[in-house]
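# Descriptive analysis of the structure
This is what each chain is made of:
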Amino acid sequence: MKIVLETPRLFLREITVEDAESVYLLNHDPEVIKYTGDNAFESIDAAKSFISNYDQYKKYGFGRWAVIYKSNNEFLGWCGLKYSSELNEFDIGFRFLKKHWNKGYATEAASATIEYGFNKLRINTIVGRAMKQNIASIKVLQKTGLTYKEDRICGNSEGVLYVIENINRV
């Protein structure tokens, strides 16, 4: 397992086809994907196909990473950066299995990811998007240092855009 990031409780690494069942279960929970605009995978094979075709790691050297609990190697969810060439933006995102909500994992993983983006990847600006109703994700964005910039459509819903600047590079 190639670890990209390590925090006090977590490892972050590339998602592999061996994670397909966990990724399927993550996206299969209606509460988990309620504010994402995503559809559930139809099967574990569909999750495998998605993972196999995910190109952010090859294209950019980063992406959404599996978040693994150190003490037992359990898959908790994912967190990472995504580059959108259409918007020329680096976006922080995270998604966790419901049983792991409200334990600080999203904030811990997102903080490490932002630091990695600034210090390793030399990114100047990272954005975070959330639907206005997704109070929990907005709180994570705020806790990790992002500040509100503007309202923006998020999928087909009203959303917000948060931003953090790399003060060492701007």
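This report concerns the structure included in the present document.

## Regarding the overall build of the protein
- In terms of regular secondary structure, the protein is built from five helices and eight strands.
- The linear arrangement of helices and strands in the protein, starting from the amino end, is β-β-α-α-α-β-β-β-α-β-α-β-β.
- Rg of the C-alpha trace for the protein: 15 Å, near the compact-globule value of 15 Å for 170 residues, within the 12% margin.
- Taken over the C-alpha atoms alone, the protein extends approximately 40 × 35 × 30 Å along its principal axes.
- Within the span of the protein, comprising 170 residues, buried residues form 47% of the whole.
- Taking the contacts inside the protein whose residues are at least 6 apart along the sequence as the reference set, 56% of them involve residues at least 24 apart.

## As for the side chain of Glu89
- Note on placement: Glu89 falls in strand S5 (residues 89–96).
- With a relative accessible area of 13%, Glu89 lands in the buried category.
- Non-local contacts of Glu89, meaning those with residues more than four positions away in its chain, are made with Lys82, Tyr83, Ser84, Val127, Arg129 and Arg152.

## Some points on the packing of helix H1 (residues 20–28) against helix H2 (residues 44–53)
- In contact at an axis separation of 8 Å, H1 and H2 are set at 110 degrees when each is read in the N-to-C sense. In terms of orientation, H1 lies roughly perpendicular with respect to H2. Of the residues in H2, those touching H1 at Ala20, Glu21, Val23 and Tyr24 are Ile44, Ala47, Lys48 and Ile51.

## Quick word on the pattern of salt bridges
- For the structure on display, the rule yields 15 salt bridges.
- In this structure, Arg95 engages Asp38 in a salt bridge whose closest nitrogen and oxygen atoms are separated by 2.7 Å. Here Arg95 is found in strand S5, whereas its partner Asp38 is found in the loop between H1 and H2, with 57 residues between them in sequence.
- With relative accessibility at 10%, the residue Arg95 sits in the buried group.
- Looking at Asp38, the relative accessible area reads 35%, which means it is partly exposed.
- Between Asp151 and Lys132 there is a salt bridge, with its nearest N and O atoms 2.8 Å apart. With Asp151 in strand S7 (residues 147–154) and Lys132 in the loop between strand S6 (125–131) and helix H5 (135–143), the pair connects residues that are 19 residues apart, well separated along the chain.

## Digging into the packing of aromatic side chains
- One pass over the structure, following the stated rule, counts 10 aromatic pairs.
- Ring geometry for Phe50 and Tyr54: centres 6.1 Å apart, planes at 40 degrees, overall tilted.
- For the pair Tyr54 and Tyr57, a centre-to-centre distance of 5.1 Å together with 75 degrees between the ring planes defines the contact as edge-to-face. Of the two residues examined, Tyr54 and Tyr57, each falls in the buried class.
- One aromatic cluster in this structure is built from Phe41, Phe50, Tyr54 and Tyr57.
- The lysine or arginine in question, Lys70, covers the ring of Phe11, its NZ or CZ lying 5.6 Å from the ring centre.

## Quick look at H1
- Every buried residue of H1 is listed here: Ala20, Val23, Tyr24, Leu26 and Asn27. Buried residues along H1 cover an arc of 160 degrees about the axis, so they all sit on one side.
- Where H1 is buried, its residues meet H2, strand S4 (74–84) and S5.

## Describing the nonpolar core
- Leu12, Val67, Cys79, Ile92, Phe94, Phe96 and Ile126 are the most contacted members of the largest nonpolar core, which has 49 residues in total.
- Every residue in contact with Phe96, bar those within four places of it in the chain, is listed here: Leu26, Val32, Val67, Leu76, Gly77, Trp78, Trp101, Tyr105, Ala106 and Ala109.

## Some words on the environment of Arg122
- Mapped onto the secondary structure, Arg122 falls in the loop between helix H4 (105–119) and S6.
- Along the sequence, Arg122 and Asn168 sit 46 residues apart, while their C-alpha atoms lie 9.4 Å from each other.

Reading guide: rules and limits
Residues numbered from 1 in each chain as written. Predicted model: local features only at pLDDT ≥ 70, side-chain atom pairs only at ≥ 80, totals over all residues. Heavy atoms only, no water. Helix = DSSP H or I, 4+ residues; strand = E, 2+ residues; numbered from the N terminus. Rg over C-alpha atoms; globule rule 2.2 N^0.38 Å. Buried < 20%, exposed > 50% of the residue type's maximum accessible area, 1.4 Å probe, protein only. Contact = heavy atoms within 4.5 Å. Axes fitted to C-alpha atoms, helices over the stretch in contact; angles between N-to-C directions. Parallel < 35°, antiparallel > 145°, perpendicular 65-115°, else oblique. Salt bridge = Lys/Arg side-chain N within 4 Å of Asp/Glu carboxyl O. Phe/Tyr/Trp six-rings, centres within 6.5 Å; stacked < 30°, edge-to-face > 60°. Lys NZ or Arg CZ within 6 Å of the ring centre and 35° of its normal. Arc of directions from axis to C-beta. Core = buried A, V, L, I, M, F, W, Y, C linked by side-chain atoms within 4.5 Å.

Coordinates in, geometry out; function isn't part of it.
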